[in-house]
Amino acid sequence: MSSKRILLIIGGGIAAYKSLELIRTLAKRGISSRCILTKGGAEFVTPLSVSALSGDKCYSDLFSLDDEAEMGHIELSRSADLVVVCPATADLLAKASGGHANDLASTTLMATDKPVLMVPAMNVRMWEHAATARNVATLRADGVDVMEPDTGAMACGEFGPGRLPEVEVIADRVEASLARLTGPKPLEGRHVLLTAGPTREPMDPVRYLSNHSSGKQGYAIAGALADLGARVTLVSGPVSLAPPRGVDLVQVETARQMMAACEAALPADVFVSVAAVADWRPATRADRKLKLKEEGKGPPTLSLSENPDILATISRMTEGRPELVIGFAAETDSVEENAALKRERKGCDWIVANDVSGDVMGGSDNEIALVTATGVERWPRMGKLLVARQLAERVADYFVDSGKPRVAAE
Ligand code: C5P
């Protein structure tokens, strides 16, 4: 049995028969498949042929006592390095994007902690339907790798996009994904310290100053760096997100707590400052709730004190400064010029600049420019998860190119 294994979910479409060929092609490349056959899938291929080709039991029933006793659906969802859905029907795409869990395939997709690759195949009109386009966009934003179908003549007699890609092409994609997942991790032994989310600066026991940061971009970057093998300490302000897999989370509220948590987490090889740290805090925090109007006076006057600049402080450390310090610049005008100036002012190595005049804060997409000592690189608009993956790759490339020894590994 090979050490690389996929969990293959076979949906109910005419292309299901090609999944048998995929199992064989992958086996020749040393990749074994454990299979789930949906009810629809079983109308096109039999559990017996799936089982014979995969050399393993074929799972199909969420409520089967036999299946559950042998391997529970949660365990099944995590028993492989990668989950592949092939063919991914319009129904499976819809269920997965909506978070349904009413059969073994959809439950497994909800329960898995492994990356998912979906290979759609359906009638051209179904592929081009607004609902399918929406579901594919949602899945991609959630980090699912959805392949583009091929264009050509279909089994139903129509012509257009919706055909299952060639089996060899699917196998190439599976192999490449597995190589990335199970291959050597470029950031292994590196410690990355990252801040994310907003800070809250209390005024009295019930009120605070804060901002609209959702933490999405920072959490995605933390996860992408951990996927590349880094030990990640994520110092986060209050957000409503689950921490990414394999990341050490330190929760804070105020800028001063965030500064202290960062200092406590050093040394690190990399510092990534994604948090939208409040620049000021109320100079005093009242012990009791401030009254709208004090007797005989107008509304209270708010006086502010400056918060520590965490990015500038860490960038300018004379001893033990992380080798690579990355700041973020949320700008509404002259984005690149202001970002370049900010890079100098803060003393960091790279600035990730973005235009926040639209819905970037809280939204799922981002359009950034990477400002380094050697110039500005504009990236096209893409999902925050993709921005995170590409930035993590750039961090990994930096260490490969610099050839510096690992200093902060535990
Ligand atoms: O100066 P500005 O707040 O626009 O700079 C943004 C960058 O500085 C971000 O990387 C942010 O995380 C960081 N920052 C910080 N501490 C502050 C203010 C900003 O680390 N008090």
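A quick note: this is a predicted structure, and the numbers were derived from the prediction, not measured. (Residues numbered from 1 in each chain as written. Predicted model: local features only at pLDDT ≥ 70, side-chain atom pairs only at ≥ 80, totals over all residues. Heavy atoms only, no water.)

Draft legend 1. Seen up close, the overall build of the protein chain. Within the protein chain, the regular secondary structure consists of 14 helices and 22 strands. The principal-axis extents of the C-alpha atoms in the protein chain amount to approximately 80 × 55 × 45 Å. By residue count, 48% of the 410 residues in the protein chain fall in the buried class. Looking at the protein chain alone, contacts between residues at least 24 apart form 68% of all its contacts between residues at least 6 apart. (Helix = DSSP H or I, 4+ residues; strand = E, 2+ residues; numbered from the N terminus. Buried < 20%, exposed > 50% of the residue type's maximum accessible area, 1.4 Å probe, protein only. Contact = heavy atoms within 4.5 Å.)

Draft legend 2. Quick peek at the environment of A131. Residue position: A131 is located in helix 8 (residues 130-141). Between the alpha carbons of A131 and I326 there is a distance of 39 Å; along the sequence they are 195 residues apart.

Draft legend 3. Representation of the environment of E166. One can find E166 in the loop between strand 8 (159-163) and helix 9 (167-182). We classify E166 as partly exposed; its relative accessible area is 46%. In sequence terms E166 and K18 are 148 residues apart; their C-alpha atoms lie 9.0 Å from each other.

Draft legend 4. Quick peek at helix 1 (residues 16-28). The complete set of buried residues in helix 1 reads A16, K18, S19, L20, L22, I23, T25 and L26. Check the buried side of helix 1 and you find it contacts strand 1 (4-10), strand 2 (31-37), helix 2 (47-54), strand 4 (82-88) and helix 9. Immediately beyond the C-terminal end of helix 1, within one or two residues, lies G30, with a positive phi of roughly 80 degrees.

Draft legend 5. Region of interest: the sheet that holds strand 20 (residues 368-372). Taken together, eight strands build an open sheet; the order of strands is 13-12-9-14-17-18-20-21 and the sheet is mixed. Either end of the sheet is taken by a strand with one partner, and the two such strands are strand 13 (247-251) and strand 21 (375-378). Across this sheet, the average inter-strand angle for adjacent strands is 20 degrees, counted without regard to direction. Where strand 9 (residues 191-196) lies against strand 12 (residues 231-236), six bridges are found, and the strand directions are parallel. From the neighbouring strand, H191 faces strand 12, where its bridge partner is R231. (Pairing = 2+ DSSP bridges. Axes fitted to C-alpha atoms, helices over the stretch in contact; angles between N-to-C directions.)

Draft legend 6. Layout of the sheet that holds strand 5 (residues 116-120). The six strands are arranged 3-2-1-4-5-6 in an open sheet whose pairing can be described as parallel. Because the sheet does not close on itself, it has two edges, and the strands there are strand 3 (58-59) and strand 6 (145-146). Bridge count for strand 2 against strand 3 is two bridges, and the pairing is parallel. Counterpart to C35 in the pairing with strand 3 is C58.

Draft legend 7. How the structure looks around the domain arrangement of the protein chain. When the domains of the protein chain are assigned, the result is domain 1 (4-182) and domain 2 (191-402). Averaged C-alpha coordinates put domain 1 and domain 2 at centres separated by 38 Å. Listed per partner, the contact involves six residues of domain 1 and four residues of domain 2. For the domain 1 and domain 2 pair, buried surface summed over both sides reaches about 380 Å², with 52% attributable to carbon and sulfur atoms. Taken as a group, D113, A141 and G143 account for 69% of the area that domain 1 buries against domain 2, more than any other trio of residues on that side. Our count for the contact surface shared by domain 1 and domain 2 stands at zero salt bridges. Summed over the shared surface of domain 1 and domain 2, the number is one residue pair in polar contact (both at pLDDT 80 or more). Residue classes in the side of domain 1 that touches domain 2 are distributed as one nonpolar, one polar and four charged. (Domains from an automatic or database assignment. Buried area = accessible area lost by both parts, 1.4 Å probe. Salt bridge = Lys/Arg side-chain N within 4 Å of Asp/Glu carboxyl O. Polar contact = N/O pair within 3.5 Å; in protein donor to acceptor, adjacent residues only side chain to side chain. Nonpolar A, V, L, I, M, F, W, Y, C, P; charged D, E, K, R; others polar.)

Draft legend 8. Summary view of the pattern of salt bridges. On inspection of all chains with the given rule, the structure shows 18 salt bridges. Residues R29 and D172 are paired through a salt bridge, measuring 2.8 Å at the closest nitrogen-oxygen approach. In this pair, R29 sits in the loop between helix 1 and strand 2 while D172 sits in helix 9, placing the two residues 143 residues apart along the sequence. Sharing partners across several salt bridges, the network here consists of R29, E168, D172 and E175.

Draft legend 9. The arrangement of the site of the ligand in detail. Around the ligand lies a shell formed by S273, A275, V277, D279, P308, D309, I310, L311, G327, F328, K342 and K346. Backbone polar atom of S273 to an oxygen atom of the ligand: 2.6 Å apart, as the coordinates give it. Backbone polar atom of P308 to a nitrogen atom of the ligand: 2.9 Å apart, as the coordinates give it. Relative to its unbound accessible surface of 440 Å², the ligand loses 86% to contact with the protein. Contributing elements (two or more residues each) for the shell around the ligand: helix 12 (310-315), strand 17 (324-331) and helix 13 (335-346). (Near = heavy atom within 4 Å. Areas by Shrake-Rupley, 256 points an atom, 1.4 Å probe, with all protein chains shown as cover.)

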